[in-house]
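Notes for the structure review
Each chain is listed here by its residues.
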Amino acid sequence: TGPKCVQGKAPPRIPDPMKFDFENPPVQDGHRLHHTVAPNRWCVTRQDLIEFRHLVKKHVAEGKIAPTDLDPFDPNDACIGPCVHTVVKQLIVPVTEKAGNASWALMLHPDGLECDLFVTHCWLEGIFEFVDKVLNSWPRGARHAYCCMLSNPQNLDIGHLLTIPRESPFALALMSARYMLVVPNRKCSIYSRIWCTYEAFIAYSESKIIFVATPPLKGALHRVSFLLAIELVVAIASGIIVGTSSRDFINADALLMFTALLMFTRCPALGCIALQYFLRPSRATQVVGLVAVLLSGMCAGFSCVRCYLVWSNYLYFFVYTEAVWSLALCVAAAMAEVDRLWGQQSAEEAFNLRREFTGDIRDAKSSVESDREKILGEMELSGQEHSVNLAIEVLLTSGMSTPSLQAAAETVGLLEQAGYWNLSITSMIWVSWFASSLLELANHYKTSGYYATGRPPFVRWQFWVLVFSCLQALVWLGRFKCQGKDTRGFAASAIVKLIGPFVILNLCLPVPNLAMVGLHLVVSPLVLMLSFAGPGGTVKVPVLGRRIARCLMRRWSCGCSRRAPAQCCGCVCAWCVCVC
């Protein structure tokens, strides 16, 4: 529960920050609060951050937060906003001074809140940009966050608390937290600052889960809706054209024509979607994505028309399977735009974190040289400098850094896909995997059941193979939804690279039954085991574990990850092919 803020009687609690009177805050003894409430309780809630953003926006509109020579921000900009230094000086300091010099966090919550999340940043980012990134990346399960500008008292001298770095408020709060959220900015890498590198050192030493904060994807829903609308229009137009061009759709020539049309649209559409998976986000991927949308719309139109016509005459199992595949292809082509935006955003954040970072924490700077010497001395005595550098490199490359990823990186090298996964192609392959097994099971029940043979279908081993395949797909989906972010990329890579080839071949060419049995009984269980083991567990498997992890997660790159997003040349990164 933590200590009370005053001996005898605790000050009144503030139940709802939305009702807090920031113009006339209740006065409390800030000096006593910060000496009686433990630093790991100087925290704010997610709702506090939302209210804080509204308050800053209101003060900017009223002119109470104004541009300065050092921070000439645009008052009309609601995306970046004034930098943290400006907000602290013109908002936090005056308000907390009225409240008795407590920090913003203890002004709102005098009893304190237990720290779950530690936010690290270097005060150069815009306040709107900062809050949006933190809110968007807030880890599931975290309730209270320590953020130095809100948690530390800005009107009190806490220099005596920084004499021993490991006993500083930063270190104590981080040791108590489960997660650390790294907030990049457009000015410099936070790891060019000594206190931020020290926080990375503490997070590594205490085995914390570290995430990179990213802003919300603005306009993604509208773009996907627009692409789906294009696919619908193309599908209707294609269906009308094909439907009115022939009189008899059930003869062999008509079925051959439909098959040819589907092959000439589906295969290039699959190729375009796969190419977006291999390419880094650029303008080229936008063009490829638009081509995939048009082709998948045509494919859906042809499949739906044939499905309708066959329904009115005979029931062909493969026709309905192809219709499901075509619809999955349409969704994947539209969702590829979300993947492109995600990739572009991740590349930008990684570039911002690398800006001015040399790769060695000893090169970090500090405004107080004595702080730098103490921190470097502690890290040198620990003997973990190389490990901390590796942890930061894992964070820059994977978008997160966890004990599991660090252990895997020490064994097989950096795993570039560990923190990211491709929504479009992963969802398409899973839907194709599950739907094809389910439809094949239904067809098996129809052709081998009581009506066709007089015997129950479950006496045949093929029936149980298909049931097993459907269950595996559902188990994988449940595991994927529940597992941590550091293993989702590995699980998605396993299904894409191991099951994907079977699905794609089955979409384009008839696959022998023996190969599909191998998929259901060998490949699918392997994917499940890899998904449950994660990268950390896979590398521990003797002989093949390291090779499997390296094959699934390593990327081949010409170094575009270290460039600004606008400078990316569109290199192929998932396989050993390059189109630079």
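Chains are numbered independently. Their residues run from 1 in the order of the written sequence. It should be noted that, the model being predicted, local features are given only for residues of pLDDT at least 70 and side-chain atom pairs only at 80 or more, the latter also being counted only at that level, while totals for whole chains, interfaces and linings use all residues. No hydrogens and no water enter the side-chain calculation; it runs on all heavy atoms of the structure.

**Examining the confidence of the model for the protein chain**
Convention followed: The pLDDT value expresses, per residue, how confident the predictor is, ranging between 0 and 100. Note on definitions: a residue-residue contact is assigned when non-hydrogen atoms from the two residues lie within 4.5 Å.
On average, residues of the protein chain score 79 in pLDDT, and 81% of them reach the 70 mark or higher. For the stretch residues 1–17, pLDDT sits under 50, and the model shows 32 contacts to residues farther than four places along the chain or on other chains. Taken together, the stretch residues 556–580 has pLDDT below 50 and engages in 57 contacts with residues farther than four places along the chain or on a different chain.

**So, the sheet that holds strand E4 (residues 179–182)**
Hydrogen bonding along the main chain pairs the strands of a sheet, whether they run parallel or antiparallel. To keep things clear, this is the line we draw: The pairing criterion for strands is at least two bridges between them, as found by DSSP. Only DSSP runs of H or I covering at least 4 residues are called helices, and only runs of E covering at least 2 are called strands; the numbering of each starts at the N terminus.
Spatially, the six strands line up as an open sheet ordered E1-E3-E2-E4-E5-E6, and their pairing is mixed. Each edge of the sheet is formed by a strand with only one pairing partner; in this case those strands are strand E1 (44–45) and strand E6 (400–401). The sheet contact formed by strand E2 (residues 117–120) and E4 spans four bridges and is parallel. Bridge pairing in E4 links Val 119 to Leu 181.

**A few points about the packing of helix H2 (residues 46–61) against helix H5 (residues 127–136)**
The line we're drawing: Inter-axis angles, ranging from 0 to 180 degrees, are taken between N-to-C directions of lines fitted to C-alpha atoms, where helices are fitted over the stretch in contact. Working definition: roughly parallel below 35 degrees, roughly antiparallel above 145 degrees, roughly perpendicular at 65 to 115 degrees, and oblique for all remaining angles. Less than a right angle of anticlockwise turn of the near helix away from the far helix marks a crossing as left-handed, whereas a clockwise turn marks it as right-handed. In this count, Pro and Cys sit with the nonpolar residues alongside Ala, Val, Leu, Ile, Met, Phe, Trp and Tyr, while Asp, Glu, Lys and Arg are called charged and the others, Gly among them, polar.
Packing of H2 against H5 brings their axes to within 10 Å, and their N-to-C directions diverge by 160°. Taken together, the axis directions place H2 and H5 in an arrangement best described as roughly antiparallel. At the point where H2 passes H5, the crossing takes the left-handed sense. For the pair formed by H2 and H5, the contact residues are Arg 46, Leu 49, Ile 50, Phe 52, Arg 53, Val 56 and Lys 57 on the first element and Ile 127, Phe 128, Val 131, Asp 132, Val 134 and Leu 135 on the second. Its residues assigned to classes, the contact of H2 with H5 shows nine nonpolar, no polar and four charged.

**Thoughts on the packing of aromatic side chains**
For any pair of aromatic rings, geometry is given as the distance between the ring centres together with the angle between the planes. What counts here: Stacked, edge-to-face and tilted labels apply to pairs of Phe, Tyr and Trp rings (six-membered ring for Trp) whose centres lie within 6.5 Å, assigned for plane angles under 30 degrees, over 60, and everything in between, in that order. Note on classification: 1.4 Å probe, protein chains only; a residue is buried when its accessible area is under 20% of the maximum for its type, exposed when over 50%, partly exposed between these limits. Whether a charge sits over a ring comes down to the Lys NZ or Arg CZ being within 6 Å of the ring centre and within 35 degrees of the ring normal.
Enumeration according to the criterion identifies 15 aromatic pairs in this entry. With a centroid separation of 5.9 Å and an interplanar angle of 90°, the aromatic rings of Trp 195 and Tyr 198 are classed as edge-to-face. With a gap of three residues between them, Trp 195 and Tyr 198 both fall in helix H8 (residues 194–205), about one helical turn apart. With respect to burial, Trp 195 and Tyr 198 carry one shared label: buried. An aromatic cluster is present here, built from Phe 118, Tyr 146, Phe 170, Trp 195, Tyr 198 and Phe 201 joined pairwise through their rings. Sitting above the plane of the Phe 480 ring, Arg 488 keeps its charged end 5.5 Å from the centroid.

**With respect to the nonpolar core**
In plain terms, the rule: Joining through side-chain atoms within 4.5 Å is the link that ties buried Ala, Val, Leu, Ile, Met, Phe, Trp, Tyr and Cys residues into a set, and such a set is a nonpolar core.
Formed by 92 residues in total, the largest nonpolar core has its most connected members in Phe 52, Trp 104, Ile 127, Met 149 and Tyr 191. Among the elements that make up this core, the one with the highest residue count is H8 (nine residues). Those residues in contact with Phe 52 that lie beyond four places of it in its chain are Val 87, Leu 91, Ile 92, Trp 104, Ile 127, Met 149 and Leu 150. With 51 residues, the next largest nonpolar core counts Leu 270, Ala 332, Ile 425 and Trp 430 among its residues.

**Considerations on H8**
This is how the line gets drawn: Helix span is expected to be 1.5 Å times the residue number reduced by one.
Given a rise of 1.5 Å per residue, twelve residues ought to cover 16 Å, and the 16 Å separating the end C-alpha atoms of H8 matches this to within 8%. Where burial is concerned, most of H8 is hidden: eleven out of the twelve residues are buried. Among the residues of H8, Ile 194, Trp 195, Cys 196, Thr 197, Tyr 198, Glu 199, Ala 200, Phe 201, Ile 202, Ala 203 and Tyr 204 are the ones counted as buried. Phi for Ser 207, located one or two positions after H8, is positive at around 60°.

**Looking at unusual backbone geometry**
Positive phi outside glycine occurs at Asn 101, with the angle close to 75°. Tracing the backbone through its elements, the reader meets Asn 101 in the loop between helix H3 (84–98) and helix H4 (104–108). Given a relative accessible area of 25%, Asn 101 falls into the partly exposed group. The backbone of Val 543 sits at a positive phi, close to 70°, despite the residue not being glycine. The topology assignment puts Val 543 in the loop between helix H20 (513–538) and helix H21 (545–553). For Val 543, a relative accessible area of 74% translates into the label exposed.

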